[in-house]
Amino acid sequence: MVILLCAVVGGAAGCGGGTGDGGGDAGDEVGDTGDVPAVAYCEPAARWSATAASLEAEIVALVNQRRHAGATCGGDAMPPVPPLTAHPALRCAARVHTRDMADRAFFSHTNPDGGLPWDRMEQAGYPWRAAGENIAAGNASAAATMQQWMNSPGHCANIMNGEFVHIGVGHVEGAALWTQVFGAPR
């Protein structure tokens, strides 16, 4: 299976590839968990698989472990930075984008209608001053996906960016698709 990666910060995107395992089972949908804002844009993200939500939380924990330890991104030493806090609006933006990629069979930071990460963040109600997005495809596990991102300089740099204070993660199991959205509010 081909693994696809893309990272974007402030409008510049970079993509890389590799190989790995994919797959995953669809979990049972959970009801409105209150973990995304109660706005129309976020309705598709309010009912989410409990398994996917657990994997999303695992990604947040793994990100914060890496941020605590520091990292080397493309040969550049990145010092430890403070942990990120999961934010409901960024979770919404990440979930909606991941679901959209699965439903409309595309893999990009720009959706087929021209929507960009910053547009999704704003539609979810997040007023940003700094923003970034990582996407990945091909792995069903949080650990393997996190390793993909850490092995890619652009993705690693987003994860280790000390300017970011919030994170949202979206995962669609059967498609093995992932989105991380990073932000700092205005």
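Above this text is the structure in question.
Residues numbered from 1 in each chain as written. Predicted model: local features only at pLDDT ≥ 70, side-chain atom pairs only at ≥ 80, totals over all residues. Heavy atoms only, no water.

Enquirer: Give a description of the overall build of the protein that names residues and reports values.
Expert: Summing up its helical and strand segments, the protein has 6 helices and 8 strands in all. The order of helices and strands in the protein, counted from the N terminus, is β-β-α-α-β-β-β-α-α-β-α-α-β-β. Residue burial in the protein is summarised as follows: out of 186 residues, 48% are buried. Within the structure as shown, the protein displays about 7900 Å² of accessible surface, and the carbon and sulfur contribution to it stands at 54%. (Helix = DSSP H or I, 4+ residues; strand = E, 2+ residues; numbered from the N terminus. Buried < 20%, exposed > 50% of the residue type's maximum accessible area, 1.4 Å probe, protein only. Areas by Shrake-Rupley, 256 points an atom, 1.4 Å probe, with all protein chains shown as cover.)

Enquirer: Residues and numbers for the state of the cysteines, please.
Expert: By the definition in use, this model includes 2 disulfides. For Cys 42, the disulfide goes to Cys 92, at an S-S distance of 2.1 Å. The disulfide joining Cys 42 to Cys 92 has a torsion of about -100° about its S-S bond and is therefore left-handed. Of this pair, Cys 42 sits in the loop between strand S2 (12–19) and helix H1 (43–46) while Cys 92 is found in helix H3 (residues 88–104), placing the two residues 50 residues apart along the sequence. Cys 92 shares its class with Cys 42; the two are buried. A sulfur-sulfur distance of 2.0 Å marks the disulfide that ties Cys 73 to Cys 156. Here Cys 73 and Cys 156 share a disulfide; its torsion about the S-S bond, -60°, makes the bridge left-handed. A residue pair is termed long-range when its members are at least 10 positions apart, and Cys 73 in strand S3 (residues 71–73) and Cys 156 in helix H6 (residues 153–160) qualify at 83 residues. Its relative accessible area of 4% is what places Cys 73 among the buried residues. (Disulfide = S-S within 2.5 Å.)

Enquirer: I'd like to hear about the pattern of salt bridges, residue by residue, with values.
Expert: With the rule as written, the count across this model stands at 7 salt bridges. The salt bridge involving Asp 100 is made with Arg 104; its shortest N-O contact spans 2.7 Å. With a gap of 4 residues between them, Asp 100 and Arg 104 both fall in helix H3, about one helical turn apart. The partner of Glu 133 in a salt bridge is Arg 120, with the nearest N and O atoms 3.1 Å apart. Linking Glu 133 in strand S6 (residues 128–137) with Arg 120 in helix H4 (residues 117–123), this pair joins segments that are 13 residues apart in sequence. Comparing Glu 133 with Arg 120 shows no difference in burial state: the two are buried. Taken together, the salt bridges that share partners define one network made up of Asp 35, Glu 56 and Arg 95. (Salt bridge = Lys/Arg side-chain N within 4 Å of Asp/Glu carboxyl O.)

Enquirer: Go over the environment of Gly 170 with me, naming the residues and quoting the values.
Expert: Structurally, the position occupied by Gly 170 is in strand S7 (residues 166–172). Overall, Gly 170 belongs to the buried group, its relative accessible area being 0%. Between the C-alpha atom of Gly 170 and that of Ala 52, which follows or precedes it by 118 residues, the distance is 7.9 Å. Residues contacting Gly 170, with those up to four places away along its chain left out, are Glu 56, Ala 94, Arg 95, Thr 98, Leu 177, Trp 178 and Thr 179. (Contact = heavy atoms within 4.5 Å.)

Enquirer: I'd like to hear about the packing of helix H2 (residues 50–69) against helix H5 (residues 142–150), residue by residue, with values.
Expert: Packed helices, taken two at a time, are described by the angle between their axes plus the distance between the axes. Close contact between H2 and H5 brings their axes to 9 Å; oriented N to C, the two are set at 45°. Taken together, H2 and H5 sit at an angle that is classed as oblique. Judged by the twist between their axes, the crossing of H2 over H5 is right-handed. In this structure, H2 uses Leu 55, Glu 58, Ile 59, Leu 62, Val 63 and Arg 66 to contact H5, whose residues at the interface are Ala 142, Ala 143, Thr 145, Met 146, Gln 147, Trp 149 and Met 150. Along the lines of polarity and charge, the residues of the contact of H2 with H5 split into 9 nonpolar, 2 polar and 2 charged. (Axes fitted to C-alpha atoms, helices over the stretch in contact; angles between N-to-C directions. Parallel < 35°, antiparallel > 145°, perpendicular 65-115°, else oblique. Left-handed = near helix turned anticlockwise from the far one by under 90°. Nonpolar A, V, L, I, M, F, W, Y, C, P; charged D, E, K, R; others polar.)

Enquirer: An account of the packing of aromatic side chains is requested, with residue identities and associated values reported.
Expert: Under the counting rule described, the total for this entry stands at 2 aromatic pairs. Judged by centre distance (5.7 Å) and plane angle (40°), the ring pair of Trp 118 and Trp 128 falls under tilted. Here Trp 128 lies in strand S6 and Trp 118 lies in helix H4, a separation of 10 residues in the sequence. Its relative accessible area of 12% is what places Trp 118 among the buried residues. Residue class for Trp 128 comes out partly exposed when judged on its relative accessible area of 23%. Judged by centre distance (5.4 Å) and plane angle (15°), the rings of Phe 164 and Phe 182 are stacked. Residue Phe 164 is located in the loop between H6 and S7, and its partner Phe 182 is located in strand S8 (residues 177–185); the two are separated by 18 residues in the primary sequence. Phe 182 matches Phe 164 in its accessibility class, with the two residues each being buried. (Phe/Tyr/Trp six-rings, centres within 6.5 Å; stacked < 30°, edge-to-face > 60°.)

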